[in-house]
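Geometric and topological summary
For reference, the chains in residue letters:
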Number of protein chains: 2
Amino acid sequence: MKTFGVGILGFGTVGAGVVEGLQRNGKLLASRTGLQLALRRVADLDVETDRGVAVADGVLTRDAAAVVDDPRVDIVVELIGGTTVARALTLRALAAGKPVVTANKALLAEHGAEIFAAAQAGQADLYYEASVAGGIPVIRALREGLIANHIEAIYGILNGTCNYILTEMERRGEPFDVILAEAQAQGYAEANPALDIDGVDTAHKAAILAGLAYGAPVPLAEIGVEGIRDVELADLLDVRALGYRLKLLAIIRHSPVGQEVSVQPALVPSEHMLGKVDGVFNALLVRGDVAGETLYYGRGAGRLPTASAVLSDLADVARNLAFGARQRVPAFVPHTHYGKPRRGKHALARFYLRMNLPDQPGTLAKVAEVMGQHGISLASVRQRETDGQWARILFLTHPAVESAVMAAITELRRDGKIGPQVARYRIADLMA
Amino acid sequence: MKTFGVGILGFGTVGAGVVEGLQRNGKLLASRTGLQLALRRVADLDVETDRGVAVADGVLTRDAAAVVDDPRVDIVVELIGGTTVARALTLRALAAGKPVVTANKALLAEHGAEIFAAAQAGQADLYYEASVAGGIPVIRALREGLIANHIEAIYGILNGTCNYILTEMERRGEPFDVILAEAQAQGYAEANPALDIDGVDTAHKAAILAGLAYGAPVPLAEIGVEGIRDVELADLLDVRALGYRLKLLAIIRHSPVGQEVSVQPALVPSEHMLGKVDGVFNALLVRGDVAGETLYYGRGAGRLPTASAVLSDLADVARNLAFGARQRVPAFVPHTHYGKPRRGKHALARFYLRMNLPDQPGTLAKVAEVMGQHGISLASVRQRETDGQWARILFLTHPAVESAVMAAITELRRDGKIGPQVARYRIADLMA
């Protein structure tokens, strides 16, 4: 049986998971592929801490470059994260013609063009199933399973920390800060949670998915990103009462008004499968013009789920090496069937708007009038409560252009027709 | 750009969908793969009927064997269905070393060993994404995405007709016969619905999935199959009130008591994602020992969704031809990591039992006693109604061996302790 040597860069949570998975299921994997994966080297700055898995003597090293260069290492697994050392080592491997398997979404989102070109130049495979949605094989689904589809839209719940926080806020009726602090204490959120809760992690994943769907790299700066830091419990509960759930969504769409890539809290119908995704789980709804609507659900992070994705890539890469079929599925296929993503808030959507109006006769009519002047038609209005000074009002709009909604809010605030606190959440019309 | 010739056998619904998909998205597919698929021949006994797609002169023929033999046909797409002509033509193609893409679940379930051996002998690819769950790329997910996982369990809603009927019965409160007749009138069910409603179609798909998961062919005779023909509306509604939904499930499990492959109406928790799958949609819940729980959802049948799967296989096969990588992913990988499926009703599960008891004091105690003698412990008892002669009683059991439950029912009936009408539905404990 042909054997391929594996070198792992980064012996953190996922690295240890990959070693555990190889030890546990290496024989099964060999039976299924007819090929053997042999762990040759693991590099990490910390070679002391017990990761709960044993590796043979001489496998662990602090010298990552030596792992890349080791002639017994046929495939490099990059699990360092970040965009400095990881970038240099990935480029080093690809330049040497060594295939790379990576879970590094930031690297691909920020330096994708460079990395993909290096893979092409080195005729080396670059696989990255683990970079999006952990244990759910969504890269394969998009890149191979749905290859014959124009991807009309992707709606993704791609950050388990955010989904956990929103789910728990709603379930327990506690505000954002309380749940975030608990999530940090329990290890569901990082000490510095900004990457997650401000939507950056989701934006990295959205950039990767959009690139696959539309054949052009999407610069992060082109992605409108809103996180969940300002989500108020009252809105979560009001949204629920209206038959929706508020989820942090990656939205990737191609429509007559252009291509859109955005990250934002948005309303999802409670009765839709995507509205049922709770806790740390991830899900992707994909609408293709041939397959129709498909949905993929599972654990988007964690030691073993992410390892499952890395190991599936190792199997694919080993098969390509065995068959002399490097670049059989290129890491990225640029093409021009779609335009570039269109920057700005041009999306046409329905909106949930929550505003405070002075509790005086006639104010509602004035607000509605200004909205009308901006082309925004109201589908429903609900007055939630009043404290004598302010009335809390919820609007659901008919489809409107997002920039027009923002302009109307700006004008209403400026003229004192509404209080400063406003929530503006798009309704994800998943079918359109 | 390399071009590969495609020959389609069978110009029915799916065949026309494949032609439409190729015409609509052929350029996109070529951009993504760097390869061109050219439709050379389409064979069907009926070359007159308008299928809503145009093919060039000389493409349509009544001679299927000539399509297989045509030197301009590099890849054969078998969409005839059935196990006679389709089998002969598939074997003919594979023997000639021509790769085959098929949607034929019956052929694979009933003659898989022969077909897989022929693929191996001919060193020809055999791809069958379209045979299970239509537009959802679940074969890829199992065979490649989850390749590093021991598959602990698969729970599948795999027949859109059955799921549509059960959903509509429940939604509209109408009995089976009424909904079936409507489904037939609307084209959601065949004139002869037996293959669907008796669970045979689901069993074919279960056999294919089980073979992939456990590396051994599963003879259809080993699969316990119960359909939905006898499902009563009252049970559907009672199940719902208990927090479950009744779904026709394929259950494929490996547990300490052995490997199980079965098809049966079973209770799924309403709050689980799998309990939300309504109408003609399909879904697969897969539990792997590394990835954990993943779920795949979408349209399991239909002209275009099935075509999407066929086209994805065509892309894979063309890539393998272009890279000289035939049999890169073998159609079937036999191995011995698991035993054979264990025949019989040995599964340990909770059950929903609905019985009619004589409406007299003390009868419930007698029934409970007999159950206890068979090792069946009752978790809850509900009396639904009584007509003065019979009381309709629902039991939920604690985990019990299915054969013991059946034996208890047989004894209770024989001794006249219960009426002849009994419903016995397993509760799918998706997490265990």
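The structure we're discussing is the one just above.
Residues numbered from 1 in each chain as written. Chains lettered and ligands numbered in written order. Predicted model: local features only at pLDDT ≥ 70, side-chain atom pairs only at ≥ 80, totals over all residues. Heavy atoms only, no water.

In terms of regular secondary structure, chain A is built from 13 helices and 17 strands. Taken over the C-alpha trace, chain A has a radius of gyration of 24 Å; the compact-globule value for 432 residues is 22 Å, and the two agree within 12%. Once the C-alpha set of chain A is aligned to its principal axes, its extents read approximately 80 × 45 × 35 Å. Here chain A holds 432 residues, and 61% of them are scored as buried. Here the contacts in chain A between residues at least 6 apart in sequence split such that 74% fall between residues at least 24 apart. Summing over all exposed atoms, chain A offers an accessible surface of approximately 15500 Å²; the carbon and sulfur share of this is 52%. Where the 45 positive side-chain charges of chain A centre and where its 47 negative ones centre are 4 Å apart. (Helix = DSSP H or I, 4+ residues; strand = E, 2+ residues; numbered from the N terminus. Rg over C-alpha atoms; globule rule 2.2 N^0.38 Å. Buried < 20%, exposed > 50% of the residue type's maximum accessible area, 1.4 Å probe, protein only. Contact = heavy atoms within 4.5 Å. Areas by Shrake-Rupley, 256 points an atom, 1.4 Å probe, with all protein chains shown as cover. Lys, Arg positive; Asp, Glu negative; His and termini not counted. Charge placed at Lys NZ, Arg CZ, Asp CG, Glu CD.)

Turning to the sheet that holds strand 3 (residues 60-61) of chain B, a few remarks are in order. All names here are of chain B. Spatially, 3-2-1-4-5-6 is the arrangement adopted by the six strands of the open sheet, whose pairing is parallel. Edge positions in the sheet fall to strand 3 and strand 6 (126-127), since each has one partner strand and no second. Bridge analysis of strand 4 (residues 75-78) against strand 5 (residues 100-102) gives three bridges, and the strand direction is parallel. Across the sheet, the residue bridging to E78 is T102, located in strand 5. (Pairing = 2+ DSSP bridges.)

Below, the discussion takes up the relation of the copies chain B and chain A. With an RMSD of 0.0 Å, the fit of chain B onto chain A corresponds to turning through 180 degrees and sliding 0.0 Å along the axis. In short, the pair behaves as if placed about a two-fold rotation axis. Scanning chain B for the C-alpha nearest the rotation axis identifies Y296 of chain B, at a separation of 2.4 Å. (Least-squares fit on C-alpha atoms with pLDDT ≥ 70 in both.)

Below, the discussion takes up the packing of helix 5 (residues 138-145) of chain A against helix 5 (residues 138-145) of chain B. Their axes nearest at 10 Å, the elements helix 5 of chain A and helix 5 of chain B cross at an angle of 125 degrees. By the criterion of interaxial angle, the relationship of helix 5 of chain A to helix 5 of chain B is oblique. Helix 5 of chain B is crossed by helix 5 of chain A, and the crossing has right-handed handedness. Across from R140, E144 and G145 of chain A in helix 5 of chain A, the residues of helix 5 of chain B making contact are R140, E144 and G145 of chain B. (Axes fitted to C-alpha atoms, helices over the stretch in contact; angles between N-to-C directions. Parallel < 35°, antiparallel > 145°, perpendicular 65-115°, else oblique. Left-handed = near helix turned anticlockwise from the far one by under 90°.)

To continue, consider the side chain of E144 of chain A. Looking at the element boundaries, E144 of chain A is found in helix 5. Among residues more than four places away in sequence, those in contact with E144 of chain A are I139, D316 and V329 of chain A together with R140, E144, S312, D316 and R319 of chain B.

All names here are of chain B. Take V178: it is sitting in helix 7 (residues 176-186). Under the relative-accessibility criterion, V178 is labelled partly exposed at 33%. With 142 residues separating them in the primary sequence, V178 and Q36 have C-alpha atoms 48 Å apart.

What follows covers the packing of aromatic side chains. Pairs of aromatic rings are described using the distance from one ring centre to the other and the angle between the two planes. One pass over the structure, following the stated rule, counts 13 aromatic pairs over all chains. On the basis of an interplanar angle of 80 degrees and a centroid distance of 6.3 Å, the ring pair of Y296 of chain A and Y296 of chain B is categorised as edge-to-face. Taken together, the positions of Y296 of chain A in strand 12 (residues 292-299) and Y296 of chain B in strand 12 (residues 292-299) put the pair across two chains. Looking at Y296 of chain B, the relative accessible area reads 2%, which means it is buried. Taking the centre distance of 5.9 Å and the plane angle of 40 degrees together, the rings of F116 of chain B and Y128 of chain B count as tilted. (Phe/Tyr/Trp six-rings, centres within 6.5 Å; stacked < 30°, edge-to-face > 60°.)

So, about the pattern of salt bridges. All names here are of chain B. Going through the model one piece at a time under the given rule, you end up with 70 salt bridges over all chains. In this structure, E168 and R171 form a salt bridge, with 2.8 Å as the shortest nitrogen-oxygen distance. In this pair, E168 and R171 both sit in helix 6 (residues 160-172), three residues apart, roughly one turn of the helix. By relative accessible area, E168 is classed as buried at 10%. R171 sits in the exposed class, given a relative accessible area of 60%. One salt bridge in this structure joins R354 and D235, with 2.5 Å as the shortest N-O distance. Of this pair, R354 sits in strand 13 (residues 348-358) while D235 sits in helix 10 (residues 233-241), and the two are 119 residues apart along the sequence. The class of D235 is buried, set by a relative accessible area of 0%. (Salt bridge = Lys/Arg side-chain N within 4 Å of Asp/Glu carboxyl O.)

It is common to give the size of an interface as the accessible area lost on bringing the parts into contact. Contacts between the two partners involve 60 residues from chain B, matched on the other side by 60 residues from chain A. Our count for the chain B to chain A interface comes out at four salt bridges. Measuring nitrogen to oxygen at the nearest pair gives 3.4 Å for the salt bridge that ties D316 of chain B to R328 of chain A. Our count for the chain B to chain A interface comes out at 26 residue pairs in polar contact (both at pLDDT 80 or more). Secondary structure elements with two or more residues in the side of chain B that touches chain A: helix 1 (13-33), helix 5, helix 9 (200-214), strand 12 and helix 11 (303-322) of chain B. Take the side of chain B that touches chain A: its biggest share by element is 10 residues, from helix 11 of chain B. The residue makeup of the side of chain B that touches chain A, split by class, is 31 nonpolar, 16 polar and 13 charged. In this sheet, strand 12 of chain B lies alongside strand 12 of chain A in antiparallel orientation, the contact comprising four bridges. Within the sheet, the bridge partner assigned to Y297 of chain A lies in strand 12 of chain B and is L295 of chain B. (Polar contact = N/O pair within 3.5 Å; in protein donor to acceptor, adjacent residues only side chain to side chain. Nonpolar A, V, L, I, M, F, W, Y, C, P; charged D, E, K, R; others polar.)

All names here are of chain B. Counting buried residues in strand 9 (residues 244-255) gives 11 out of 12 residues, a clear majority hidden from the surface. By the bridge criterion, four bridges tie strand 7 (residues 151-157) to strand 9 in an arrangement that is antiparallel. Following the sheet pairing, I154 is matched in strand 9 by I252. In terms of strand pairing, strand 9 meets strand 10 (residues 258-269) through 12 bridges, oriented antiparallel. Paired with L249 across the bridge in strand 10 is Q264. Here strand 9 folds back onto strand 10 in antiparallel fashion, the turn holding two residues.

Here the focus is helix 4 (residues 105-122) of chain B. Residue and element names in this part refer to chain B. When the terminal C-alpha atoms of helix 4 are compared, their 21 Å separation across 18 residues is substantially less than the 26 Å that a helix rising 1.5 Å per residue should span. Maximum bend of helix 4: about 95 degrees, positioned at H111. If you check which residues of helix 4 are buried, you get A106, L107, L108, A109, G112, I115, F116, A118, A119 and G122. If you follow the buried residues of helix 4, they end up packed against strand 4, helix 3 (85-95), strand 5, strand 6 and helix 9. A distance of 3.3 Å separates the backbone nitrogen of A106 from a side-chain oxygen at the start of helix 4, and that oxygen is part of N104. Following helix 4 by one or two positions, Q123 adopts a phi angle in the positive range, close to 50 degrees. (Expected span 1.5 Å × (residues − 1). Bend = angle between axes of the 7 residues up to and from the residue.)

Let's shift gears to empty space enclosed by the protein. Applying the stated criterion to the full structure yields four cavities of 30 Å³ or more. By volume, the largest cavity is sized at about 170 Å³. For the largest cavity, the lining is made up of 15 residues, of which R32 of chain A together with L142, R143, L212 and V333 of chain B are closest to its centre. Elements represented by at least two residues in the lining of the largest cavity include exactly helix 5 and helix 9 of chain B. Ranked by residue count, the leading element in the lining of the largest cavity is helix 9 of chain B, at three residues. Its residues placed into classes, the lining of the largest cavity shows 10 nonpolar, two polar and three charged. What lines the second largest cavity is simply L142, R143, G211, L212, G215, P330, A331, F332, V333 and H335 of chain A together with R32 and R319 of chain B. Broken down by class, the residue content of the lining of the second largest cavity amounts to six nonpolar, three polar and three charged. (1 Å grid on protein atoms, 1.4 Å probe; cavity = no way out; pocket = protein on both sides within 12 Å on 5 of 7 lines; lining within 4 Å. Points joined across faces, edges and corners; volume = space filled by probe spheres on them.)

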